[in-house]
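Remarks on the overall topology
Below are the chains, spelled out letter by letter.
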Amino acid sequence: MPAQPRPRHTVSTQRALTLAQHASRLRACATPSEVALWALLRGRQLGVEFRRQVVLGQRIVDFFAPAHRLAVEVDGGYHQGRGAADATRDSELRRQGVRVLHLTAEEVLTEPQLVVARIRDALLR
């Protein structure tokens, strides 16, 4: 009896698996600002379901409110000099119908009420 051929993953399937694994690692190794923001968003505290480290197409967003198609990104010090890359990423997400709100890690940690107000405002748009 001939051996059965092994199932082959397409490049897109392999990429999706890699992204899902990376998102899982990001959830396990959250930054202090991501932990602080998640404490404000989890459990529908704003009346909206948020998920964290969500794969959208070929990108991973920090937080995502599916019902509102809103991604919330926490930009830390490592984001300096990434303006062009962030603009490309945001453009790709907009083509998917996703709005993106950028917050700095510093404001998440030092001004949580302002951050909540900005997120609520974005949800209403």
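The structure this text deals with has already been given above.
The text that follows walks through the structure, step by step, so that each part is easy to find.

What counts and what doesn't
Numbers given for residues are sequential positions, taken from 1 along each chain in its written order. Local features in this predicted model are restricted to residues whose pLDDT is 70 or higher, and side-chain atom pairs enter the listing and the counts only when it is 80 or higher, whereas totals over whole chains, interfaces and linings include all residues. Neither water nor hydrogens contribute to the side-chain values; these are computed over all heavy atoms in the structure. Secondary structure elements are defined from DSSP: runs of H or I of at least 4 residues count as helices, runs of E of at least 2 residues count as strands, and each element is numbered from the N terminus. Throughout, exposure labels follow a simple rule: accessible area from a 1.4 Å probe, protein chains only, divided by the maximum for the residue type, with under 20% read as buried, over 50% as exposed, and the rest as partly exposed. Throughout, a residue-residue contact means that at least one pair of heavy atoms, one from each residue, lies within 4.5 Å. Every definition here rests on a 1 Å grid over the protein atoms only: cavities are sets of points where a 1.4 Å probe fits but cannot get out, pockets are open sets enclosed by protein on both sides within 12 Å along at least five of seven lines, and lining residues have some atom within 4 Å of a point. Grid points are joined across faces, edges and corners, and a volume is the space filled by probe spheres set on the points. In the scheme used here, Gly and all other residues not listed as nonpolar or charged are polar, with Ala, Val, Leu, Ile, Met, Phe, Trp, Tyr, Cys and Pro taken as nonpolar and Asp, Glu, Lys and Arg as charged. In this scheme, strands are said to pair when DSSP sees at least two bridges between them. The axes used here are C-alpha line fits, helices contributing only the stretch in contact, and every angle between their N-to-C directions lies in the interval 0 to 180 degrees. Roughly parallel means an angle under 35 degrees; roughly antiparallel, over 145; roughly perpendicular, 65 to 115; everything else is oblique. Here is the rule for handedness: rotate from the far helix to the near one, and if that takes an anticlockwise turn smaller than a right angle the crossing is left-handed, while a clockwise turn gives right-handed. Side-chain atoms within 4.5 Å are what join buried Ala, Val, Leu, Ile, Met, Phe, Trp, Tyr and Cys residues into a set we call a nonpolar core.

A tally of helices and strands in the protein chain yields 5 helices and 4 strands. Reading the secondary structure of the protein chain in the N-to-C direction produces α-α-β-β-β-α-β-α-α. For the protein chain, the residues scored as buried account for 34% of the 125 residues in total. Partitioning the intrachain contacts of the protein chain with sequence separation of at least 6 by distance along the chain shows that 58% fall at a separation of at least 24.

We now examine empty space enclosed by the protein. Applying the stated criterion across every chain yields a total of 1 cavity of 30 Å³ or more. One number sums up the size of the largest cavity: a volume of about 40 Å³. Lining of the largest cavity is provided by Leu-26, Arg-27, Ala-30, Glu-34, Val-35, Trp-38, Arg-52, Gln-53 and Phe-63. Of all the secondary-structure elements, those providing two or more residues to the lining of the largest cavity are α1 (11-28), α2 (32-41) and β1 (51-56). When residues in the lining of the largest cavity are grouped by element, the largest group, 3 residues, is from α2. For the lining of the largest cavity, the residue count by class is 5 nonpolar, 1 polar and 3 charged.

The next point concerns the pairing of strand β3 (residues 70-75). With 6 of 6 residues buried, β3 lies mostly within the body of the structure. The two faces of β3 match: Leu-70, Val-72 and Val-74 on one face and Ala-71, Glu-73 and Asp-75 on the other face are all buried. Pairing between strand β2 (residues 59-65) and β3: 3 bridges, direction antiparallel. Within the sheet, the bridge partner assigned to Ala-65 lies in β3 and is Leu-70. In sequence, β2 turns back onto β3 through a hairpin of 4 residues, with Arg-69 there showing a positive phi of about 55°. Where β3 and strand β4 (residues 99-104) come together, 6 bridges link them in parallel fashion.

Before going further, it helps to examine the packing of α2 against helix α5 (residues 112-124). Where α2 contacts α5, the axes come no closer than 11 Å and their chain directions differ by 60°. Taken together, the axes of α2 and α5 lie oblique to each other. Relative to α5, the crossing made by α2 is right-handed. Between α2 and α5, the residues in contact are Leu-37, Leu-40 and Leu-41 and Pro-112, Val-115, Val-116 and Ile-119, respectively. In the contact of α2 with α5, the residues fall into 7 nonpolar, no polar and no charged.

Leu-37, Leu-41, Phe-50, Phe-63, Val-72, Leu-103 and Ile-119 are the most contacted members of the largest nonpolar core, which has 20 residues in total. If you list the elements that add at least two residues to this core, you get α2, β2, β3, β4, α4 (105-110) and α5. Once residues within four sequence positions are removed from consideration, Leu-103 is found in contact with Leu-37, Val-72, Glu-73, Val-74, Asp-75, Val-108, Val-115, Arg-118 and Ile-119.

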